[in-house]
Amino acid sequence: MVTDRLRRLAIVHGIVGLATCLCLIVFYLGADAFGSINDVGNAALGLLSAGLAWRFQQSAAKVRPVFVGIAALGAVITVVGSILILTDATGFFFAGLVSATGFALIGVWLVAASRRLTDDPWPQRLQRSGLVAGAVMLLGFVSVPGIILGLDDMSTAPGWTYVGGLSWAGTYLLFPAWSLRLGRPISMPRED
C-alpha cells in the first residue's frame, strides 16, 4: 500500500531530481552559481533516494533489505561525490564519476523495487518506467574504472567514460519521473 508519507517523499524526490537537472543546464548556459546548487542537489537527491528506498520497503512493496542497504550505500557515495567538488578536493569530472557510481547503486535498488510491482493495484507502466530508469542508472558502473584510474580531466578522458555519463539521464530525468508517478494516487477501477 502506498502511504501518504511515501507519496509525499516520492513527489519531493521527483521535484528535487528535476530541479537539480535544471540547475545543471542553467550552469552550462553560463550561470556559474548554479554549479554549486547542482552539487548540493546531487547530495540531496542521493539522500532522498535512500529515504525513498526505506519508505518504499516499509509501505509499498517488500524488497529484500539488502537492496535497501545498497541504496543507502549509493546515497553515501553520492554525498561523497558532492563533497569532493564542493570542497575543491577534486575537479568536477572525478566527482561526477563518484556520484554516478553512487546513483548506479541506487539504480540496483530501483530495478529490484520495480520488479516487485507486479501485483494490482500497481500500473504496469510504473513497473516498466522503474526498470528502464534503473537500467539506465546502472550505466554509472562504467565510471568505476575511471575512479580507480583517478581520471579528473574531461578533455583527456577515454571515450568509454562517456558511457557512464549517460547514466545521468536515468538519474536526472527517468528516476524523478518514476517518483512523480509513484506519488500520484493509484486509480482504482470503479464498481458499478
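Residues numbered from 1 in each chain as written. Predicted model: local features only at pLDDT ≥ 70, side-chain atom pairs only at ≥ 80, totals over all residues. Heavy atoms only, no water.

The subject of this paragraph is the overall build of the chain. Helices and strands together make up the secondary structure of the chain, namely 8 helices and 0 strands. Its C-alpha atoms give the chain a radius of gyration of 17 Å, near enough to 16 Å, the size a compact globule of 192 residues would have. Counting only C-alpha atoms and orienting by the principal axes, one finds that the chain spans roughly 65 × 30 × 25 Å. Each of the 192 residues in the chain was classed as buried or not, and the buried ones make up 46%. Element-wise, carbon and sulfur atoms account for 66% of the exposed surface of the chain, whose accessible area totals about 9700 Å². The distance from the centre of the 13 positive side-chain charges to the centre of the 10 negative ones in the chain is 13 Å. (Helix = DSSP H or I, 4+ residues; strand = E, 2+ residues; numbered from the N terminus. Rg over C-alpha atoms; globule rule 2.2 N^0.38 Å. Buried < 20%, exposed > 50% of the residue type's maximum accessible area, 1.4 Å probe, protein only. Areas by Shrake-Rupley, 256 points an atom, 1.4 Å probe, with all protein chains shown as cover. Lys, Arg positive; Asp, Glu negative; His and termini not counted. Charge placed at Lys NZ, Arg CZ, Asp CG, Glu CD.)

Here Asp88, not a glycine, exhibits a phi torsion of approximately 60 degrees, which is positive. Within the secondary structure layout, Asp88 lies in the loop between helix H3 (65–86) and helix H4 (92–115).

Attention now moves to the packing of helix H2 (residues 33–59) against H3. Taken N-terminus to C-terminus, the directions of H2 and H3 make an angle of 170 degrees; their axes are 9 Å apart at the nearest point. In terms of their interaxial angle, H2 and H3 are classed as roughly antiparallel. Listed contacts from H3 to Ser36, Asp39, Val40, Asn42, Ala43, Gly46, Leu47, Ala50, Ala53, Trp54 and Gln57 of H2 are Val68, Ala71, Ala72, Ala75, Thr78, Val79, Ser82, Ile85 and Leu86. Taken together, the residues that form the contact of H2 with H3 break down as 13 nonpolar, 6 polar and 1 charged. (Axes fitted to C-alpha atoms, helices over the stretch in contact; angles between N-to-C directions. Parallel < 35°, antiparallel > 145°, perpendicular 65-115°, else oblique. Contact = heavy atoms within 4.5 Å. Nonpolar A, V, L, I, M, F, W, Y, C, P; charged D, E, K, R; others polar.)

Empty space within the largest pocket amounts to approximately 680 Å³. Along the walls of the largest pocket sit 27 residues, with Leu24, Tyr28, Phe92, Gly96 and Trp168 positioned nearest its centre. For the lining of the largest pocket, the elements supplying multiple residues, two or more each, are helix H1 (4–28), H2, H3, H4, helix H7 (161–165) and helix H8 (167–183). If one sorts the elements of the lining of the largest pocket by residue count, H4 sits on top with 7 residues. A breakdown of the residues in the lining of the largest pocket according to their chemical character gives 14 nonpolar, 12 polar and 1 charged. (1 Å grid on protein atoms, 1.4 Å probe; cavity = no way out; pocket = protein on both sides within 12 Å on 5 of 7 lines; lining within 4 Å. Points joined across faces, edges and corners; volume = space filled by probe spheres on them.)

Within the largest apolar cluster, 29 residues are counted, with the highest numbers of intra-cluster contacts made by Leu52, Phe56, Trp109, Leu110, Phe175, Trp178 and Leu182. Of all the secondary structure elements, the ones that give two or more residues to this core are H1, H2, H3, H4, helix H5 (124–137) and H8. Per element, the largest residue contribution to this core is 7 residues, and it comes from H4. Beyond its immediate stretch of four places on either side in the chain, Trp109 contacts Leu52, Ala53, Phe56, Val63, Phe67, Val68, Ala71, Phe175 and Trp178. Ranked by size, the runner-up nonpolar core spans 5 residues in total, among them Ile85, Phe94, Ala95 and Val98. (Core = buried A, V, L, I, M, F, W, Y, C linked by side-chain atoms within 4.5 Å.)

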